[in-house]
Amino acid sequence: MPEARLHRVSSQRFQSAFRKIAVALCATAFLLPAAQAAKHSDAASAKKTASSTAAKQKPAVTAKSAPAKAARTDKSDRTVRAGKNVVATARTRHGKTVVAVQRRSVVRLADAAPARLSYGQLAGLHSQDELDLKSSVALVIDQDTREVLFSKNDHAVLPIASLTKLMTGLLVSEARLPMDEPIMITEEDIDTEKFSRSRLRVGTTLSRGELLHLALMSSENRAAHALGRTYPGGLATFVSMMNAKARSLGMKDTRYVEPTGLSSSNQSSAQDLALLVNAASADATVRELSTSPEYQVEVGNRMMQFSTTNRLVKNPDWDIGVQKTGYISEAGQCLVMQTKIAGRKLIMVFLDSAGKLSRIGDAERVRRWVEATQLMSTPAARHQALTVGAAG
């Protein structure tokens with residue numbers, strides 16, 4: 001019995017201890033998360049307090065240092081090209097990276113360098129006139145009466161570019177050389193002045209007549225150089241003959257140094273060029289070849305098509321007897337023509353025009369002006385004007 005009572009008492013004590021342990025475990029299970037949360041909260045508060053204190057102790061950021069901070073932020077932007085016209089930009093913000101892909105259209109500039117001024121521009125010849133021409137030099141003459149209808153800086157001596165080929169063609173035609181004689185394009189005919197391109201490769205063989213056609217119609221530089229190189233006596237003799245012909249025509253302001261016009265040292269005035277156009281219009285070969293709209297030549301086993309450099313030749317509204325165009329940067333856009341307008345044979349000279357099509361535009365302006373002037377000069381027009389004046 002005593003032993004039994006002792007055992008019962010011990011069991012009761014153990015049950016009481018177990019209850020306390022169970023209560024402690026439950027309390028720990030509920031209270032531990034709260035304690036951890038409180039600990040994190042206290043740590044965050046401490047960090048915030050520390051940051052606030054550091055901010056108070058840190059010197060104020062000056063305006064000068066602000067861009068540097070912005071620059072550091074911008075460094076997170078990275079640009080990567082993913083192909084010819086595709087650009088990917090990676091931006092990092094708040095720990096996240098965002099990639100934006102753009103497809104860009106590419107615009108290529110032919111020449112980023114500033115355009116070279118022509119001799120006329122450097123001389124200040126680009127001035128306004130009553131016809132609003134874009135050429136710095138212009139001259140319009142009645143071929144039969146030699147009456148000057150319009151002039152602008154007509155005595156100015158400027159580079160004439162490929163207008164030079166008109167003299168080249170005239171000399172070759174007047175020399176009565178065999179037009180069927182084959183001539184080969186050689187290394188000597190390559191342009192070392194302006195390094196211009198040519199469709200006539202070294203080794204190409206054409207007849208003298210074909211080269212003359214291409215030089216006058218398409219302003220082919222290698223063709224013109226080959227014509228001068230193969231002239232009896234060689235290139236030096238040919239250039240000498242060019243200058244002698246100029247003197248015989250009364251071209252006192254003209255000088256030639258080579259047969260193509262690529263050199264800016266080939267120079268003349270509008271007055272002199274009018275004399276050259278007048279002489280060239282009397283040569284049937286030069287007239288025919290310079291006003292040819294298109295021409296084909298056989299090179300090897302293929303045909304090559306060439307076209308005129310003067311679009312007015314293909315215009316049915318124009319009656320052109322002889323013409324030549326020219327361009328180098330020093331000379332600007334140039335054009336000479338003998339044409340018939342309102343029943344009159346006119347010689348037109350335009351030098352140093354400011355744009356690619358402006359020489360054509362100037363020719364059109366002169367034509368409209370001549371037609372309007374001629375219309376008002378007829379007896380019927382004068383009679384109508386007098387009648388209207390009397391009635392008013």
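Residues numbered from 1 in each chain as written. Predicted model: local features only at pLDDT ≥ 70, side-chain atom pairs only at ≥ 80, totals over all residues. Heavy atoms only, no water.

- Per an unreviewed UniProt entry, the recorded name for the protein chain is Serine hydrolase, and the organism is Variovorax robiniae.

1. Points about the overall build of the protein chain
Next up, step 1: Looking only at helices and strands, one finds 11 helices and 14 strands in the protein chain.
Next up, step 2: Looking at the protein chain residue by residue over its 392 residues, the buried ones come to 40%.
Next up, step 3: A fraction of 58% describes how many contacts in the protein chain between residues 6 or more apart in sequence connect residues 24 or more apart.
Next up, step 4: Approximately 23300 Å² of the protein chain is accessible, and the part contributed by carbon and sulfur atoms is 56%. (Helix = DSSP H or I, 4+ residues; strand = E, 2+ residues; numbered from the N terminus. Buried < 20%, exposed > 50% of the residue type's maximum accessible area, 1.4 Å probe, protein only. Contact = heavy atoms within 4.5 Å. Areas by Shrake-Rupley, 256 points an atom, 1.4 Å probe, with all protein chains shown as cover.)

2. Let's talk about the pattern of salt bridges
Next up, step 1: Counted under the stated rule, the structure contains 12 salt bridges.
Next up, step 2: Here Lys134 makes a salt bridge to Asp132, at a shortest N to O gap of 3.6 Å.
Next up, step 3: Judged by its relative accessible area of 34%, Lys134 falls in the partly exposed class.
Next up, step 4: Judged by its relative accessible area of 32%, Asp132 is partly exposed.
Next up, step 5: One salt bridge connects Arg344 with Asp142, and the closest N-O pair in it is separated by 2.8 Å. On the criterion of sequence distance, the pair formed by Arg344 in strand β14 (residues 344-353) and Asp142 in strand β4 (residues 135-142) is long-range, its members being 202 residues apart.
Next up, step 6: Within the structure, one salt-bridge network assembled from shared partners comprises Arg116, Lys194 and Glu330. (Salt bridge = Lys/Arg side-chain N within 4 Å of Asp/Glu carboxyl O.)

3. Let's talk about the sheet that holds strand β5 (residues 148-152)
Next up, step 1: Here we have five strands laid out as an open sheet, ordered β5-β4-β14-β13-β12, and antiparallel in their pairing. Looking at which strands have only one partner, the edges of the open sheet turn out to be β5 and β12 (320-328). Across the sheet, the mean angle separating the axes of adjacent strands is 10° when strand polarity is ignored.
Next up, step 2: Relative to β14, strand β13 (residues 332-341) is paired through eight bridges, and the arrangement is antiparallel. Counted as the bridge partner of Ile341 is Arg344 from β14.
Next up, step 3: Here helix α10 (residues 358-377) sits on the sheet in contact with β4, β5, β12, β13 and β14, set at roughly 145° to β14. (Pairing = 2+ DSSP bridges. Axes fitted to C-alpha atoms, helices over the stretch in contact; angles between N-to-C directions.)

4. With respect to unusual backbone geometry
Next up, step 1: With a phi angle near 55°, Asp132 is a residue other than glycine that sits in the positive phi range.
Next up, step 2: Structurally, Asp132 is set in the loop between α3 (119-122) and β4.
Next up, step 3: With a phi angle near 55°, Phe195 is a residue other than glycine that sits in the positive phi range.
Next up, step 4: Tracing the backbone shows Phe195 in the loop between β7 (182-184) and β8 (205-207).
Next up, step 5: Relative accessible area serves as the criterion here: at 65%, Phe195 is assigned to the exposed category.

5. Examining a nonpolar patch on the surface
Next up, step 1: Taken together, Leu117, Tyr119 and Leu122 make up a surface patch of nonpolar side chains, about 300 Å² in accessible area.
Next up, step 2: Along the chain, the position of Tyr119 falls in helix α3. (Patch = residues over 30% accessible without salt bridge, like charges linked within 9 Å, V, L, I, M, F, W, Y side chains within 5 Å.)

6. Digging into the confidence of the model for the protein chain
Next up, step 1: Confidence along the protein chain averages 81 in pLDDT terms, with 67% of residues attaining 70 or more.
Next up, step 2: In the predicted structure, residues 1-11 sits below a pLDDT of 50 and forms zero contacts with residues beyond four places in sequence or in another chain.
Next up, step 3: Note on residues 384-392: pLDDT under 50 across the span, and zero contacts to partners over four residues away in sequence or across chains. (pLDDT = per-residue confidence, 0-100.)

7. Overview of the nonpolar core
The nonpolar side chains of soluble globular proteins are, as a tendency, buried together.
Next up, step 1: By size, the foremost hydrophobic cluster in this structure holds 56 residues, and its most contacted members are Leu166, Leu211 and Val349.
Next up, step 2: The biggest single contributor to this core is helix α8 (residues 270-280), with seven residues.
Next up, step 3: Excluding its chain neighbours within four sequence positions, the residues that come into contact with Val349 are Val137, Ala138, Leu139, Ala270, Leu273, Ala274, Leu335 and Val336.
Next up, step 4: Ranked by size, the runner-up nonpolar core spans 20 residues in total, among them Phe150, Met337, Val366 and Val370. (Core = buried A, V, L, I, M, F, W, Y, C linked by side-chain atoms within 4.5 Å.)

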